[in-house]
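Given next are the chains, with one letter for each unit.
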Amino acid sequence: MAVLSSEAVVLRTWPVHEADLIVSFFTRDYGRVKGVAKSALKSRKRFGGALEPMTVAKALFAERPRQELVRLDQLEIIRSPLAGPVDHARMAVLSFYAEMLDECLPEHDPQETVFRLLLSVLEQTSAVGAESAESGAVQPWMALTYFSLWMTRLMGLLPDVAHCMVCNEELRPGEVSFSAYADGLFCALHRNGSGHALSADSWQLAQRMLRAPASAFAGEAWPRRRGQDLRRFTLQALERHLERKLRTAEALGRLGG
Ligand SMILES: [Zn+2]
């Protein structure tokens, strides 16, 4: 039985049997993996706080013959989401990353680009530069917007954002719209009756974010409403693809995210 080792991010856990936990975790080298953490509920010491979703850790696990679940032996924390300031908005955003990845990623399929995206947004979600002047609380809206946009792109769900989906004409800021029922963006002429406007700022953001790393946007002001329509556009595309609503997206919506 080979013991494997990989950098990983914990996505979700749920109890099984008396004291065991099933852990869904996203490894850099093997993709998303599900495993059993034996006695994790009984012996808290063994995994410490490492089973908190969005913990970055070095995972040691063993594949077992004729078993779907690996045996998760150890998680050595590299970075804990609880190390930074904890507030409602930030926890809701971290839960959203976890649910999105748990739903989108096939098992045992390495996704290096998604893994790097996740590490970069995790850093930005708790970055000091993201603190708002008035409350001192971490504002995770930039990282959330960046993650949603890039997940849509990496899942192959984001058509050209510079041109109208129908006529292929170049879009103009302030005249761009999207629909809950169709992919892509539309010009003023082809705006759907039930369409929503995508603000000039959000449309330009989308184009800039597809060309630059998340850290490039950290110095900008990010009130909660900024990019809200862009997040809605990408979330609709992802939820159409998943054919279900994300529970954590509803929680974010209640926070105004
Ligand atoms: Zn058009």
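Structural notes, computed from the coordinates. (Residues numbered from 1 in each chain as written. Predicted model: local features only at pLDDT ≥ 70, side-chain atom pairs only at ≥ 80, totals over all residues. Heavy atoms only, no water.)

Of the regular secondary structure elements, the protein chain holds seven helices and eight strands. Its C-alpha radius of gyration of 20 Å places the protein chain within 12% of the 18 Å reference for a compact globule of 257 residues. Taken over 257 residues, the protein chain has a buried fraction of 49%. Of the contacts made within the protein chain by residues no fewer than 6 positions apart, 62% connect residues no fewer than 24 positions apart. Accessible surface for the protein chain amounts to roughly 12,400 Å². Of this, 51% is attributable to carbon and sulfur atoms. Each charge sign in the protein chain was given a centre, from 31 positive and 30 negative side chains, and these centres are 4 Å apart. (Helix = DSSP H or I, 4+ residues; strand = E, 2+ residues; numbered from the N terminus. Rg over C-alpha atoms; globule rule 2.2 N^0.38 Å. Buried < 20%, exposed > 50% of the residue type's maximum accessible area, 1.4 Å probe, protein only. Contact = heavy atoms within 4.5 Å. Areas by Shrake-Rupley, 256 points an atom, 1.4 Å probe, with all protein chains shown as cover. Lys, Arg positive; Asp, Glu negative; His and termini not counted. Charge placed at Lys NZ, Arg CZ, Asp CG, Glu CD.)

A separate point is the coordination of the zinc ion. For the zinc ion, the full set of protein donor atoms is Cys164 (SG), Cys167 (SG), Cys187 (SG) and His190 (ND1), and the range of their distances to it is 2.1 to 2.3 Å. Angles of 96 to 117° at the metal separate the four donor atoms of the zinc ion, which places the site in the tetrahedral class. All donor residues of the zinc ion come from one chain, and their arrangement in sequence is C-x2-C-x19-C-x2-H. The partly exposed category is assigned to His190, whose relative accessible area is 28%. (Donors = N, O, S within 2.8 Å, 3.2 Å for Na, K, Ca; no water. Tetrahedral: all angles 85-135°; square planar, octahedral: opposite > 155°, others 65-115°.)

The element strand E3 (residues 31-37) is largely enclosed, with a buried count of seven among its seven residues. By the bridge criterion, seven bridges tie strand E2 (residues 20-27) to E3 in an arrangement that is antiparallel. Residue pairing across strands places Leu21 opposite Ala37, the latter belonging to E3. Linking E2 to E3, which pair antiparallel, is a turn of three residues. Where E3 meets strand E5 (residues 70-79), two bridges bridge the pair, whose relative direction is parallel. In the sheet register, Gly35 faces E5, and the bridge partner there is Val70. (Pairing = 2+ DSSP bridges.)

If you look at the biggest cluster of nonpolar residues, it comprises 58 residues, and the most contacted ones within it are Met54, Phe96 and Tyr97. Those elements giving two or more residues to this core turn out to be strand E1 (3-16), helix H2 (88-104), helix H3 (112-125), helix H4 (141-154), strand E6 (176-178), helix H5 (200-209), helix H6 (228-242) and helix H7 (247-254). At ten residues, H2 tops the list of elements feeding residues into this core. Judged by nonpolar contacts, the second largest core, of 18 residues, contains Leu4, Val10, Phe25 and Phe47. (Core = buried A, V, L, I, M, F, W, Y, C linked by side-chain atoms within 4.5 Å.)

Before going further, it helps to examine H5. Here H5 has its buried residues at Ser202, Trp203, Leu205, Ala206, Gln207 and Met209. Packing partners of the buried residues in H5 comprise H4, E6, strand E7 (185-186), strand E8 (196-198) and H6.

This part covers unusual backbone geometry. With a phi angle near 55°, His108 is a residue other than glycine that sits in the positive phi range. Take His108: it is sitting in the loop between H2 and H3. Of the residues examined, His108 reaches a relative accessible area of 41% and is grouped as partly exposed. Located in the positive-phi region is Asn168, a residue other than glycine, with phi close to 65°. Within the element layout of this structure, Asn168 appears in the loop between H4 and E6. For Asn168, a relative accessible area of 53% puts it in the exposed group.

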